[in-house]
Amino acid sequence: MPTSAAATPAFGQADLLNCEREQIHLAGSVQPHGALLLVRETDNAIIQVSDNAASFLGLDSNPIGKSLEQIPGNLAERLHPHFADPLHEIIRGVRCNVGRSRREFDCLIHRPLGGGLIIELERAGPAVELSHHLEKALQAIMAASTLRALCDETARIFRNLTSYDRVMVYRFDEEGHGEVFSEAREPTLEPFLGNRYPATDIPQIARRLYERNRVRVLRDVEYTPAALTPPLSPITGDHLDMSLCSLRSISPIHVQYLKNMGVRGTLVVSLLVNGKLWGLVSCHHYVPRFMHFEERAVCELLAEAVATRIAALESFIQAQAEFSVRRLEQQMVRVISKEGDWRNALFDRSTALLEPLGATGAALIFEGEVRTVGEVPSTAALRDIAAWLDKQPRAALVSTTAFAKDAPQFAALTPIASGLLAVPVSSVAGEYLIWLRPERIRTVTWGGNPFEPHLAGDDPLTLSPRRSFAQWHQLVEATAEPWGPADLATARMIGESVSDVVTQFRSVRALIAEDQVEQVRRQVQQSGNPVVITDPDGIILQINSAFDALLPPHTKRPSSVSDLPTLFATPEPALQEAVKNRRGWRGEVELEGRFDTPMPFLVRADPVFAPQARLLGFTLMFTDLTERKAAESARRRFQEGVIQQPRPVIGRLDSKSDLVFRNLLSTVLENAQLAALEIADGVDPAQMPNMLESIRQSVTRTAEMLGYLIWHSSSE
């Protein structure tokens, strides 16, 4: 939705121009199927309530000013054990009875920003048979071998669990647009599968709330909100932060959005993958419907398991990509040893360079020569593309699916080069590996016209179902099939491998091509990889700037291989022995460099031979292992942290409940460990610590939620 210069609108005051900034977490009211109390913790006094609190709870008078202990029933007694617990991230559920009739309620508690304790009370629901619902569902989630199968299974599981008329797995793309990726629905309903919705349908502030509050329920779009009294929190003097409230009123614009679709009740569950909002499980019902606390908690637990499995499957795709790259790398090494020119390995068969990325054409522009495979533009056009790439901000990868839009001068190439993906193969200008995809003319189905402008002051009440949600078909031309995450990862890895080979290739030529020595020295000097070149006796002929950057300030440059161990944290005589015996060596060392902590490096010392086995010298390449070591450390921490999951902190479970907890937690841990293995095998080491930590946090959160849910169920 477009924005304007208007001030940030308060809840309920937004229009279609400024709804992106509506303060939906400061709703100031609740849905009337429950009641809210704000408690001052210093004396347990109730200081703010929803207007319906007295009638909903069966109290004789407004509870404001009373202490929890003065509320009829066992509310204070059941809450007291939790007052010392951290309640800022996960809502705690407690079963209690309140009011004259001692009616049972589910009491949900958390601490908002600004202080106090928020208590939300809903009618108590029936107990959920956790073993039946969770065990089978978790096994089905773990068994899914593809992303499509997982999302289809997720839609089916959630529909069976919730009985909503329509359940959609909604996936966000890189630009924030959403797609109905999987769907389970009543057969009579119009299918939404494949429909796309613009990013503006879900404002950024709503996306951030989806990350904090993982489950949101709207019982009936026709509800009349119950306002908070007083309107402002007596603790902060400002609107109460309701970010984690289950009863929080829904933005009127979103309510109208749902009315326009004919939807009466919704349940939305967040899917967070690696700490980011990957998508939503969105459930629609065409008559009012409510999900009780235990049922919602089960949905949240399952969503955590689904997100973990998504991380694993996406990592597996990346692992497959890396396998393709390593195979190509081995070919290059093999060809170098036989023919002396690594480029032949890239073009020795027509599909070696195209298959890993699903490209229809590829080109290598290196040292003024252009080599191609598949369907590509003319050599002159490829040189022009390289010149265009030189003018772009320097990056490890450049990709586009609408090349003519980004560079109109290349519009004539659209039929065969609508998609372009390029990686530099060296630090020298004009040297690139480029992949191409042809134009794909297709029809994209949107849930409403995403490009339809809104007039100033547009009122959401004027939106008709046809205007907002009727399928709108867009004919998309001059674009290619999008490059997926696996394509980008594969291209980046191939580029890094080729760059390493280029550095090695040029280092070798520095020893065997005297007439080009100065030019090649400059090229090696520009390499981002630390390189040392020696003569046959280990006397250093060249050190590039990347190696110089590792040396401590005011350190004398080493003049021979025998000087290198003085830079190591621990002696490494094997390197000197290898040079002395004129053989190769590989090993790990720690360099005492510019930083307080020694940096780990893999050292590769390769002898270079001329014809008749005449030794010309050695090339020593240093590869930074910092990220790999951090990844290994993260993997160890993950194993230690995940395996030793704590038991529930709430009281002592009876033997039957404890067995249920152990069995379900075992399945959760199995899913997490499987995901961790696939992540460890398939992810860039730099990303691994954060991804493993995200999985570990998810398991910890799941174990805590599971413990409390079982305790809640068993204490009824």
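Refer to the structure above for everything that follows.
Below, the structure is looked at part by part. Quantities reported herein were computed from a predicted structural model and do not represent experimental measurements. Chains are numbered independently. Their residues run from 1 in the order of the written sequence. Only residues with pLDDT of at least 70 are given local features in this predicted model, and only at 80 or more are side-chain atom pairs given and counted; all residues enter the totals for whole chains, interfaces and linings. Hydrogen atoms and water are omitted, and side-chain values are computed over all heavy atoms in the structure.

## Focus: empty space enclosed by the protein
Convention followed: We place a 1 Å grid over just the protein atoms. Points where a 1.4 Å probe fits but has no way out form a cavity, open points with protein on both sides within 12 Å along at least 5 of 7 lines form a pocket, and any residue with an atom within 4 Å of a point lines it. Grid points are joined across faces, edges and corners, and a volume is the space filled by probe spheres set on the points. Each residue is assigned to one class: nonpolar for Ala, Val, Leu, Ile, Met, Phe, Trp, Tyr, Cys and Pro, charged for Asp, Glu, Lys and Arg, and polar for all the others, Gly among them. A helix here means a DSSP run of H or I that spans at least four residues, while a strand means a run of E at least two residues long, and both kinds are numbered starting from the N terminus.
In this structure the tally under the stated criterion is 7 cavities of 30 Å³ or more. In this structure, the largest cavity encloses a volume near 680 Å³. For the largest cavity, the lining is made up of 32 residues, of which Asp201, Ile202, Tyr210, His254 and Val268 are closest to its centre. Per-class residue counts for the lining of the largest cavity are 22 nonpolar, 6 polar and 4 charged. When its volume is computed, the second largest cavity comes out at roughly 300 Å³. Considering the residues around the second largest cavity, the lining is formed by 22 residues, among which Ile90, Ile91, Phe293, Ala297 and Glu300 are closest to the centre. If you list the elements that add at least two residues to the lining of the second largest cavity, you get strand 4 (92-98), helix 7 (293-339) and helix 18 (688-714). Within the lining of the second largest cavity, the residues separate by chemical class into 11 nonpolar, 4 polar and 7 charged.

## Points about the sheet that holds strand 24 (residues 599-610)
Selection criterion: Note on pairing: DSSP must find at least two bridges between two strands before they are called paired. Orientation is described by axes fitted as lines to C-alpha atoms, over the contacting stretch for helices, and by angles from 0 to 180 degrees between their N-to-C directions.
Here 5 strands make up an open sheet; going across it, the order is 22-21-25-24-23 and the pairing antiparallel. Both edges of this open sheet fall to strand 22 (540-543) and strand 23 (585-591), since each of them pairs with a single strand only. Geometrically, the sheet is characterised by an average inter-axis angle of 20° between neighbouring strands, direction not taken into account. In the sheet, strand 23 pairs with strand 24 via 7 bridges, with the strands oriented antiparallel. Of the residues in strand 24, the one forming a bridge with Arg586 is Arg604.

## Some words on the pairing of strand 2 (residues 34-40)
Where we set the bar: Categorising residues by exposure relies on relative accessible area from a 1.4 Å probe, with only protein chains included: less than 20% of the type maximum marks a residue as buried, more than 50% marks it as exposed, and the intermediate range marks it as partly exposed.
By the criterion of burial, strand 2 is predominantly enclosed, with 6 of the 7 residues buried. With 6 bridges joining them, strand 2 and strand 6 (residues 117-123) adopt antiparallel strand pairing. Within strand 6, the residue paired with Ala35 across the bridge is Leu121. Note that strand 2 and strand 3 (residues 45-50) share 4 bridges and pair antiparallel. Bridge pairing in strand 3 places Arg40 opposite Ala45. Between strand 2 and strand 3, which pair antiparallel in sequence order, lie 4 residues; one of them, Asn44, sits at a positive phi of approximately 60°.

## Here's the deal with the packing of aromatic side chains
What counts, and what does not: Only Phe, Tyr and Trp rings are paired, with Trp represented by its six-membered ring, and only when their centres lie within 6.5 Å; those with planes under 30 degrees apart are stacked, over 60 edge-to-face, the remainder tilted. Geometrically, a charge over a ring is one whose NZ (Lys) or CZ (Arg) sits within 6 Å of the ring centre while staying within 35 degrees of the ring normal.
Tallying each qualifying case throughout the model produces 7 aromatic pairs. Look at Trp388 and Phe403: their rings are 5.3 Å apart centre to centre, the planes differ by 75°, and that puts the pair in the edge-to-face class. Of this pair, Trp388 sits in helix 9 (residues 379-391) while Phe403 sits in helix 10 (residues 403-406); the two residues are 15 residues apart in sequence, bridging distant segments of the chain. Each member of the aromatic cluster is reached from another via a ring pair, and the members are Tyr170, Phe172 and Tyr197. It is Arg166 that lies over the ring of Phe192; its NZ or CZ is 3.8 Å from the centre.

## What about the side chain of Ser29?
Test applied: Pairs of N or O atoms are called polar contacts if they sit within 3.5 Å, as long as, within protein, a hydrogen donor faces a hydrogen acceptor (for residues adjacent in sequence, only side-chain-to-side-chain pairs).
Tracing the sequence through the fold places Ser29 in strand 1 (residues 29-30). Side chain to side chain, Ser29 and Ser249 meet in a polar contact 2.7 Å long.

## Observations concerning the pattern of salt bridges
Under the convention used in this document: Whenever a carboxyl oxygen of Asp or Glu lies within 4 Å of a side-chain nitrogen of Lys or Arg, that contact is scored as a salt bridge.
Across all of its chains, the model carries 26 salt bridges by this definition. A salt bridge links Glu304 to Arg214, with the shortest nitrogen-to-oxygen separation between them at 2.7 Å. Here Glu304, found in helix 7, pairs with Arg214, found in the loop between helix 5 (204-212) and strand 10 (215-218); they are 90 residues apart in sequence, far enough to count as distant. When sorted by exposure, Glu304 lands in the same class as Arg214, which is buried. Measuring nitrogen to oxygen at the nearest pair gives 3.3 Å for the salt bridge that ties Arg701 to Glu304.

Any functional reading would require information that these geometric values do not contain.
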